[in-house]
Amino acid sequence: MTDRTPPARPDLAVGPAAADPAQVEAREIAHEQGVVDRVYAQLEVAARNAQLLAAEGHSRARLGHEGGLVERDAMVFQAAKRIATLDAAHEGLVFGRLDLKDPAVEPRYVGRIGVRDDDHEPLLIDWRAPAAAVFYQATASEPQGVVRRRVLRCTGKRVVGVEDDLLDAEAETDLPIVGEGALMAQLSRARDRRMHSIVATIQAAQDKAIRAPSRGVVEISGGPGTGKTVVALHRAAYLLYSDRRRYERGGVLVVGPSGVFMRYIERVLPSLGETAVALRSLGEVVDGIDAVRHDAADVAAVKGAARMAELLRRAARQPVPGSPREFRYFYRDDVLRLTPGDLGRVRRSLLGQGGAAGRRNAVPQARAGSLLVDALWRQVKGERALERSREDFAETVLGDDRFLLFLREWWPPLYSAEVLGWLRDPSFLSTIGEGVISVADVAVLTRADAWGRDAHDLSVEDVALVDELRHLLGEPQEDPELLDDPLAHLVDANLPELTTVQDREFTGPRAQRRIEDDTYAHVLVDEAQDLSPMQWRMVGRRGPTATWTVVGDPAQSSWPFPGEADAAREEAMRNKQRYRFHLDTNYRNSAEIYRFAAAYAERVGLDIDLPEAVRSTGVEPVEAKATDLAAEVTAEARRMLDHLPGTVGVVAAAGRRAELEAWFEGWAEREGGDQARLALLTGLDTKGLEFDGIVVVAPGEIEAESPTGRATLYVVLTRATQELTLVH
Ligand SMILES: Nc1ncnc2c1ncn2[C@@H]1O[C@H](COP(=O)(O)OP(=O)(O)OP(=O)(O)O)[C@@H](O)[C@H]1O
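This one's a predicted model, so the numbers in the text were calculated from it and none came from an experiment.

Engineer: Help me out: how do you make sense of the overall build of the protein in this one?
Structural biologist: Per the secondary structure count, the protein includes 30 helices and 21 strands. Counting the 728 residues in the protein, one finds 45% classified as buried. Sequence-distant contacts in the protein: of pairs separated by 6 or more residues, those separated by 24 or more amount to 77%.

Engineer: What exactly am I supposed to notice about the site of the ligand here?
Structural biologist: Around the ligand, the surrounding shell holds 22 residues, and the nearest of these are Pro 224, Gly 227, Lys 228, Thr 229 and Tyr 587. Listed by contribution, the elements that provide at least two residues to the shell around the ligand are helix 4 (182-187), helix 6 (228-242) and strand 15 (585-590). Here the residues of the shell around the ligand sort into seven nonpolar, 11 polar and four charged.

Engineer: Help me understand the sheet that holds strand 2 (residues 108-111), please; the structure alone is not making it clear to me.
Structural biologist: Sheet strands line up and pair through hydrogen bonds in the backbone, either parallel or antiparallel. Sheet architecture is open: six strands sit in the order 3-4-2-1-5-6, paired in mixed fashion. Every interior strand has two partners, whereas the edge strands, strand 3 (115-116) and strand 6 (158-166), have only one. Relative to strand 6, strand 5 (residues 146-155) is paired through eight bridges, and the arrangement is antiparallel. Bridged to Arg 148 within strand 6 is Leu 166.

Engineer: When you look at the packing of helix 20 (residues 460-473) against helix 23 (residues 533-541) in this model, what are you seeing that I'm missing?
Structural biologist: In a pair of packed helices, the angle between the axes and the distance between the axes together describe the arrangement. At their nearest, the axes of helix 20 and helix 23 sit 9 Å apart, and the two run at 55° to each other. When the interaxial angle is binned, helix 20 and helix 23 end up oblique. Both helix 20 and helix 23 take part in a crossing whose hand is left-handed. Here Ala 464, Leu 465, Asp 467, Glu 468 and His 471 of helix 20 lie close against helix 23, whose contacting residues are Met 534, Gln 535, Arg 537, Met 538 and Arg 541. Of the residues in the contact of helix 20 with helix 23, the class split is four nonpolar, two polar and four charged.

Engineer: Looking at this structure, how should I read the UniProt feature "binding site: ATP" (unreviewed entry) in the protein?
Structural biologist: Residues annotated in UniProt with the feature "binding site: ATP" (unreviewed entry) correspond here to Gly 222, Gly 223, Pro 224, Gly 225, Thr 226, Gly 227, Lys 228 and Thr 229. The residue Pro 224 is located in the loop between strand 7 (217-222) and helix 6 in this model. In this structure, Pro 224 is in contact with Asp 553, Gln 556, Asn 586, Arg 588, Asn 589 and Thr 718, ignoring residues within four places of it in sequence. Residue class for Gly 225 comes out buried when judged on the 26 C-beta atoms lying within 10 Å of it. Once residues within four sequence positions are removed from consideration, Gly 225 is found in contact with Asn 586, Tyr 587, Arg 588, Asn 589 and Thr 718.

Engineer: Any chance you could explain the sheet that holds strand 21 (residues 720-727) here in plain terms?
Structural biologist: Reading across from one edge, 17-21-20-18-19 is the order of the five strands in this open sheet, with parallel pairing throughout. Edge positions in the sheet fall to strand 17 (622-624) and strand 19 (678-682), since each has one partner strand and no second. Along the sheet, successive strands turn relative to each other by an average axial angle of 20°, direction set aside. Pairing of strand 17 with strand 21, which is carried by three bridges, proceeds in the parallel orientation. Looking at strand 21, one finds that Ala 624 is bridged to Val 727. Here helix 26 (residues 629-643) sits on the sheet and contacts strand 17, strand 18 (648-652), strand 19, strand 20 (691-697) and strand 21; the angle it forms with strand 20, its principal contact strand, is near 175°.

Engineer: Any chance you could explain the pairing of strand 20 here in plain terms?
Structural biologist: Consecutive residues of a regular strand have side chains that alternate between opposite faces of the sheet. A large share of strand 20 lies buried, amounting to seven of its seven residues. Of the pairings in the sheet, the one linking strand 18 to strand 20 comprises four bridges and is parallel in character. Looking at the pairing, Val 651 lines up with Val 696 of strand 20. Across six bridges, strand 20 lies against strand 21 in parallel orientation. Paired with Val 695 across the bridge in strand 21 is Thr 725.

Engineer: Looking at this structure, I do not really get helix 24 (residues 562-573). What am I missing?
Structural biologist: Residues separated by three or four positions in an α-helix point in the same direction, a consequence of the helix having 3.6 residues per turn. Taking 1.5 Å as the rise per residue, helix 24 with 12 residues should run 16 Å; its terminal C-alpha atoms sit 16 Å apart, in good agreement. When we look at burial in helix 24, the residues that qualify are Ala 565, Ala 568, Arg 569, Ala 572 and Met 573. All buried residues of helix 24 lie within an arc of 135° about the axis, which places them on one face of the element. Looking at the buried residues of helix 24, the elements they touch are strand 7, helix 23 and strand 13 (547-552).

Engineer: How should helix 13 (residues 365-377) be read in this particular structure?
Structural biologist: With 13 residues, helix 13 ought to run about 18 Å at 1.5 Å a step, and its terminal C-alpha atoms sit 18 Å apart, in line with that. Buried residues along helix 13 sit against strand 10 (327-331), strand 11 (334-338), helix 12 (340-351), helix 15 (390-398) and helix 16 (401-410).

Engineer: Would you mind showing me how to read the environment of Arg 194 here?
Structural biologist: Residue placement: Arg 194 occurs in the loop between helix 4 and helix 5 (204-210). Between the alpha carbons of Arg 194 and Thr 519 there is a distance of 28 Å; along the sequence they are 325 residues apart. Residue contacts for Arg 194: discarding those within four places in its chain leaves Tyr 264 and Arg 267.

Engineer: I tried to follow the nonpolar core on my own but got confused; where do I start?
Structural biologist: The nonpolar side chains of a soluble globular protein tend to be buried, and buried together. In terms of nonpolar packing, the biggest core is built from 167 residues, with Ala 236, Val 252 and Val 463 touching the most fellow members. With nine residues, helix 6 is the single largest residue contributor to this core. What Val 252 contacts, discounting residues up to four positions off in sequence, is Ala 236, Leu 240, Tyr 247, Ala 276, Val 277, Ala 278, Tyr 520, Ala 521, His 522 and Leu 524. Judged by nonpolar contacts, the second largest core, of 15 residues, contains Leu 338, Leu 343, Phe 393 and Leu 407.

Engineer: Any chance you could explain the environment of Gly 223 here in plain terms?
Structural biologist: Secondary-structure assignment places Gly 223 in the loop between strand 7 and helix 6. Placed 386 residues apart in sequence, Gly 223 and Asp 609 show a C-alpha to C-alpha distance of 5.0 Å. If we skip the residues at most four places from it in the chain, Gly 223 touches Asp 553, Asn 586, Ile 608, Asp 609, Leu 610 and Pro 611.

Engineer: Before we go on, may I ask you to explain unusual backbone geometry in this structure?
Structural biologist: Working note: non-glycine residues mostly have negative phi, and peptide bonds are mostly trans. You will see that Glu 527, though not glycine, has its phi angle at about 50°, which is positive. With respect to the secondary-structure elements, Glu 527 resides in the loop between strand 12 (522-525) and helix 23. Overall, Glu 527 belongs to the buried group, with 23 C-beta atoms counted inside 10 Å. Unusually for a residue other than glycine, Ala 698 sits at a positive phi of about 45°. Within the secondary structure, Ala 698 sits in the loop between strand 20 and helix 29 (699-704).

Engineer: Teacher, can you tell me more about the environment of Leu 376 here?
Structural biologist: Its place among the elements puts Leu 376 in helix 13. For Leu 376, a count of 22 C-beta atoms within 10 Å puts it in the buried group. When the C-alpha atoms of Leu 376 and Tyr 329 are compared, they prove to be 8.3 Å apart, with 47 residues separating the residues in sequence. In contact with Leu 376, other than residues within four places in its own chain, are Tyr 329, Leu 336, Leu 338 and Val 397.

Scoring rules and cut-offs
- Residue positions are given per chain, counting from 1 as you read along its sequence in written order.
- The predicted origin of the model limits local features to residues at a pLDDT of at least 70 and limits the giving and counting of side-chain atom pairs to 80 or more, whereas totals for whole chains, interfaces and linings rest on all residues.
- Put simply, DSSP H or I for four residues or longer makes a helix, DSSP E for two residues or longer makes a strand, and each gets a number counted from the N terminus.
- To sort residues by burial, count the other C-beta atoms lying within 10 Å of each one's C-beta; a count of 20 or more means buried, 12 or fewer means exposed, and anything in between means partly exposed. C-beta atoms are built from the backbone.
- By the convention adopted here, residues are in contact when the distance between their C-beta atoms, placed from the backbone, does not exceed 7 Å.
- A molecule or strand has a residue near it when that residue's C-beta atom, placed from backbone coordinates, lies within 6 Å of it.
- Nonpolar residues are Ala, Val, Leu, Ile, Met, Phe, Trp, Tyr, Cys and Pro. Charged residues are Asp, Glu, Lys and Arg, and all others, Gly as well, are polar.
- For two strands to count as paired, DSSP must find a minimum of two bridges between them.
- Only C-alpha atoms enter the line fits that serve as axes; for helices the fit covers just the stretch in contact. Angles between N-to-C directions range over 0 to 180 degrees.
- Angle categories: roughly parallel below 35 degrees, roughly antiparallel above 145, roughly perpendicular from 65 to 115, and oblique for all the rest.
- Take the far helix as your reference; a near helix turned counterclockwise from it by less than a right angle gives a left-handed crossing, and one turned clockwise gives a right-handed crossing.
- UniProt positions are given in the numbering used here, feature names are shortened, and annotations may be inferred rather than shown by experiment.
- What a helix is expected to span follows from its residue count: subtract one and scale by 1.5 Å.
- This arc is taken over the directions from the axis of the helix to the C-beta atoms.
- Nonpolar cores are identified as sets of buried Ala, Val, Leu, Ile, Met, Phe, Trp, Tyr and Cys residues joined via C-beta atoms within 7 Å.

This is how it looks when you write it as C-alpha cells:
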C-alpha cells in the first residue's frame, strides 16, 4: 500500500486546450520559472536587508517587533546561503505548488524555507509551516480542498521539470496535469554517496511522524527502505523549526550505527537549512573519541551486556592496581603504619563523599590527604609526639615529599579509559567479577583480541564502557589545593618511577567536555535495534529530559539478546510517553529485489516486518557459483559500474576485508577518487546505506560470522535499488 492513494491520471492535458504534451510541459515550466525567479530575487533582497540590518547591531535584533523581523531575515539569509552552497546542484529552493479548489485562492508555493514579499505576504511557505501540511497530507481519496499537487524539479535555480498529481478528479478545472508523478520520478533516480532530502515527496503516513508533537518519544518502525531514517531527519528539521529556541539552545543529537552512515546522511539536514545538529556514530558519542573498530561478535556480546554496568561500578571503587598497599611514617618516637585495612576504610569513606553520585574524582586529593593524616594521627602514642597539636602534625606530614608521593599514587585523578584498562588483568577481573560475570565472560575479556593496543585504541563497543566509567568516576581534575604543591618539581622527574608502564599507557589526557554538557534537548536514535544495553545507557544519559525519536526494525538487529536491550531502552526513556508510527512501503528496493530478500528472511526464520515495494524494474536478482571468486566478483562489479548510473557496493564478511581490498586495488582512483561510485563493505558496514547495485561475496560467510549473521545478510540483501548479485 502506498501512502497516497494513486491519483487519477487522465490524458496529459485536461481541459479545453488539449495541446501537444511537450508544448504544455514547456509552457508550464516557463511559467514556474517565472515564479522561481521571483522567489530568488526576493531572497536576495531579504539577504541584503538582513546584512544591512545585522550591520546595525545585533542588540536591536532581539528588541520588539521590528527586532523579530531582523532575526527572521537573518535566518532566511543564513539558510539560503547554506542551501545555495550545499545543494544547488541537486535540490531547488522551491519544490511544490498547490492549486486549491477555491478559485479565489492563489496557488501556494512550498519550499525549503519561507520567503515573504515586500509587503510581508508569503511568497514561499516553509514546508514545515502548518499552511504547508496539506501539501503532504492531501490524497486522492481525501483531497482536502487540493485539486492539483505539483512538484517542481529544479537544478539550482533552473526549473527542469514538473510532476503533477491530480487529487480531485471531480473538480471542475482546466489545470493541465504533467509528468509521471513525482514519487516514481524521485525513486527511480540514480543513487550517489549521499542521502537526499525527500522534502518534495514526503508521503502522508511519513508526514504524520514528521509532524508529531514534540513530546515524549516518537517511535518509528517499519521494514527495510520504508524511509525511517529520512523521516526521522525531517522530523529533526521540523522540531528545530517549530521550537527553535528550545532545540537550538538545548541541542539535537543524532546517533547512528557507523561513521560511513553518518557521512551518508550528513547532507540531509543542511539541505533543509539546519546545521545545529550533532551527528555522532555509536563510536563517537563521547566527546573526543572516535572509535571505528568493532570487537569480535562474542567480545561485543559481553562488553555490551547489562552486567557490565555492575562490573564497572565495582572497578571504579577498587584501589588503583599497582598503587602502594600500605604506608609507614616515622614521627618523633612513633612508627605510624597505614595497613591495607586502614587504607581500605579511608578509601570507602572517601568514596562515600563523592557527592550524590559517589564519584571518586569529585573528592579532591587534599581531602584524601586529610583523612589519611587523621588515620595516622590516631596512632600517635609517644609523649614527644603528643606534645604537638594535630595541626602541627598535619603540617609536617603534608609537607613531606614521601607522603605526597604516596598520596599521588594512592588517590590519583582517574581517567575512564585507564580504569577500563584494568579489566585486562585476569586476577583483577576475577576479583571484581565474582557473582557478576561468568568464567566464560572472563575468558572472553582476557583474550588477546579483546582490547586495543592502548587506552586510545578503543573499539566502538568500548566507548559505552568508557562513558559508564566517566559517569561513575566524574571528571578527572587538577586539584586546586595542590596546585602550589611543593612537590610539583619532583613529580615530573619522578613520574617514570611512580607509575608502571601500564599505568602510564592507560592514562589518557583526552580532552573531555564536562559531564553536565552531555545532555541534549532532542535525541534521535537510528538503527535502534542494534544498540546493546550498555549503549542504551550511554545514549540515555544524553537525554534524561529530552524528547526522543527512536527508529528501528527488529528483524535487522545485530544485537543477539533483544530482551535485555529492550529493558535498557525502557530505562533510557524513563517512562516517557510513546507515540508510535509504522511505515509500510519500501521505497528503496525494486519489488524483485525485496521479494528475494523477504523470501530469504522467511526461509531462515527471521520475524520480518514486511513492507510493500512499489517500484518494479523487471530485473531479478542473480545467484552465481564461482570457481574463481575474485574474478567473478570483480567482473560483476565492473559490469554493474558500466551500466548502472549510480553507486555499487561490494559486500563481504569482515574476515575477507583485506582480501577484498586487494582485489579492487586501484579501482577507487579509476572511478574518480572520493567521488567513487564503488564501495567495499562488510555486512555491518552496510547498515542504513543504499546502492544502485550490490554484489554479495560468499553470503554464507556473512551468515556464519556471528549469531545474528542471518539478520546481517538480510540487511545486505535489502540495500540495492536496481540490481543484486550473490556470488557463492
Ligand atoms: N517519500 C519519499 N519520497 C522519495 N524517496 C523516499 C521517500 N521515502 C523514502 N524514500 C527513499 O527511500 C530510501 C530508503 O529510505 P531510508 O534509508 O530512510 O529507509 P529506512 O527505513 O531507514 O531503511 P533501512 O531500515 O533499510 O535502513 C531512501 O533513498 C529515501 O530517500
